[in-house]
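Geometric and topological summary
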Amino acid sequence: MLQQTQVKTVIPYFNNFLDNFSTLKSLSLSNETNVIKSWEGLGYYRRARNLLATSKILINKCNSKLSKNIIDIKKLPGIGDYTANALLAFIHDQPTIAIDGNVKRVFSRLLNKNERKIDFVKLIEINKKNLFKTKRNSDFVEALMEFGALICKPKEPKCTQCNIKNTCKYFRSNKKFKKKKILKTKVKNYNIFCYIDKMKNKIALTKKHNLGFLDKFYLPPIKESYSNKKIKNWNFHSNFRNSISNKKLNINLYYKFSLKIPPQHQWFSLKKNNEFIPSFTKKIFKKISKTN
Ligand code: SF4
């Protein structure tokens with residue numbers, strides 16, 4: 001849940017998820033619809049699908065145990081280098097560090113060197129004797145992340161309160177390295193087309209769309225657009241901006257009243273549905289419901 005998402009955002013979703021699936025076993029016995037429903041609103045739904053798939057593998061093929069071998073862990077759905085190392089440290093207390101943005105920042109400041117000029121894997125390997133002195137490696141890794149989040153913060157690090165300031169080259173240097181500005185995410189333009197059955201208060205949705213990050217979810221037909229021209233046979237409704245996952249969308253919303261819909265589309269009530277509808281689609285429901 002914490003991938004690309006802040007702790008304070010995750011907490012209520014995490015508690016709700018644990019209320020529904022309190023054990024690995026109960027999760028593994030569930031299905032995609034129920035798991036996605038418990039994840040509703042948190043976005044990046046691929047994480048929920050991967051979690052469900054992983055729970056089934058662990059229960060059915062691994063005797064409910066997570067391997068201590070990083071190669072085996074990385075074979076589990078959705079688990080890359082970072083998560084595999086975090087699991088090894090947190091669950092098996094192994095001497096390894098999950099290198100996230102916070103950890104990179106702390107090391108790069110300690111060395112007063114740009115992150116892009118550091119080979120972190122090599123750095124950790126060379127310094128492993130000093131880094132892994134503790135027998136509580138899981139606490140060490142968590143503390144390192146927290147230190148980056150709370151003390152050695154991205155902007156205005158709390159150097160005067162920092163208990164390693166005397167060994168920090170960034171703090172001691174008169175020539176502090178400067179981080180290059182991260183390029184802003186480009187906004188992409190999309191047109192969304194809403195077929196509306198006015199009498200029944202319904203809208204046509206499809207899972208056949210090219211919006212990869214909402215893959216397998218119902219949306220009205222959506223197409224990337226390259227111009228702001230009027231679109232024949234469609235009424236312009238409104239323009240709005242939306243961020244989904246790490247994408248920024250500039251959306252022109254169009255509608256037409258119609259009883260005919262393209263193949264692979266289905267009618268959905270604008271009020272209540274049993275199927276899971278992503279919050280992005282619900283936002284469109286809200287806007288389009290006011291159409292006369
Ligand atoms: S002294 Fe400042 S820059 Fe250096 S590690 Fe501590 S908080 Fe970070």
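None of the values given here were measured: they were computed from a predicted structure. The written sequence of each chain sets the order in which its residues are numbered from 1. Only residues with pLDDT of at least 70 are given local features in this predicted model, and only at 80 or more are side-chain atom pairs given and counted; all residues enter the totals for whole chains, interfaces and linings. Side-chain metrics in this entry use all non-hydrogen atoms of the structure; hydrogen atoms and water are not considered.

Attention now goes to the overall build of the chain. Of regular secondary structure, the chain possesses 12 helices and 6 strands. Each radius of gyration reported is based on C-alpha atoms, and the globular scaling rule is 2.2 Å times the count of residues to the power 0.38. The C-alpha radius of gyration of the chain comes to 24 Å, more than 25% above the 19 Å expected for a compact globule of 292 residues. Within the chain, residue pairs in contact and separated by at least 24 positions form 62% of the contacts whose partners lie at least 6 positions apart. On the chain, roughly 19100 Å² of surface is accessible, and the fraction owed to carbon and sulfur atoms is 52%. By the counting rule applied here, Lys and Arg register as positive and Asp and Glu as negative, while His and the ends of each chain are not counted. By convention, the point assigned to a charge is CZ for Arg, NZ for Lys, CD for Glu and CG for Asp. Separation between the mean location of the 61 positive side-chain charges and that of the 18 negative ones in the chain comes to 9 Å. Numbering of helices and strands runs from the N terminus, with a helix taken as a DSSP run of H or I at least four residues long and a strand as a DSSP run of E at least two residues long. The contact rule is simple, with two residues in contact once any of their heavy atoms fall within 4.5 Å. Accessible surface is estimated by sampling points in the Shrake-Rupley manner with a 1.4 Å probe; for residues, cover comes only from the protein chains shown.

For helices, the fitted axis covers only the stretch in contact; all axes are lines through C-alpha atoms, and the angles between them, taken along N-to-C directions, range from 0 to 180 degrees. The geometry of helix α1 (residues 7-20) relative to helix α3 (residues 32-39) is characterised by a closest axis approach of 9 Å and an angle of 145° between their N-to-C directions. Note on element contacts: α3 touches α1 through Val35, Ser38 and Trp39, opposite Tyr13, Asn16, Phe17 and Asn20. Grouping the constituent residues of the contact of α1 with α3 by class yields 4 nonpolar, 3 polar and no charged. When residue character is reported, Ala, Val, Leu, Ile, Met, Phe, Trp, Tyr, Cys and Pro are called nonpolar, Asp, Glu, Lys and Arg charged, and the others, Gly included, polar.

Around the ligand sit Arg109, Ile151, Cys152, Pro157, Cys159, Cys162, Lys165, Cys168, Tyr170 and Phe171, and those are all the residues in its vicinity. The residue makeup of the shell around the ligand, split by class, is 8 nonpolar, no polar and 2 charged. Residue proximity to a molecule or strand is established when one non-hydrogen atom of the residue lies within 4 Å of it.

As a further point, take the packing of aromatic side chains. Side-chain rings of Phe, Tyr and Trp (the six-membered ring for Trp) are treated as a pair once their centres are within 6.5 Å; stacked means planes under 30 degrees apart, edge-to-face means over 60, and tilted covers the remaining angles. Inspection of the entire model under this criterion finds 13 aromatic pairs. Here Tyr45 and Phe217 contribute two aromatic rings whose centre-to-centre distance is 4.9 Å and whose plane-to-plane angle is 75°, an arrangement assigned as edge-to-face. A residue pair is termed long-range when its members are at least 10 positions apart, and Tyr45 in the loop between α3 and α4 (46-61) and Phe217 in the loop between β2 (202-206) and β3 (222-224) qualify at 172 residues. We note that Tyr45, like Phe217, is buried. For the ring pair Phe193 and Tyr254, a centre distance of 5.7 Å and an interplane angle of 20° mean the geometry is stacked. Of this pair, Phe193 sits in strand β1 (residues 187-197) while Tyr254 is found in strand β5 (residues 247-257), placing the two residues 61 residues apart along the sequence. For Phe193, a relative accessible area of 11% corresponds to the buried category. Whether a residue is buried, partly exposed or exposed follows from its accessible area with a 1.4 Å probe, protein chains only, as a fraction of its type maximum: under 20%, in between, or over 50%, in that order.

Within the secondary structure, Val35 sits in helix α3. In this structure Val35 comes out as buried when scored by relative accessible area, which is 1%. For the pair formed by Val35 and Arg49, sequence separation is 14 residues and the distance between their alpha carbons is 7.6 Å.

Take it as geometry only, folks, not as evidence of what the structure does.
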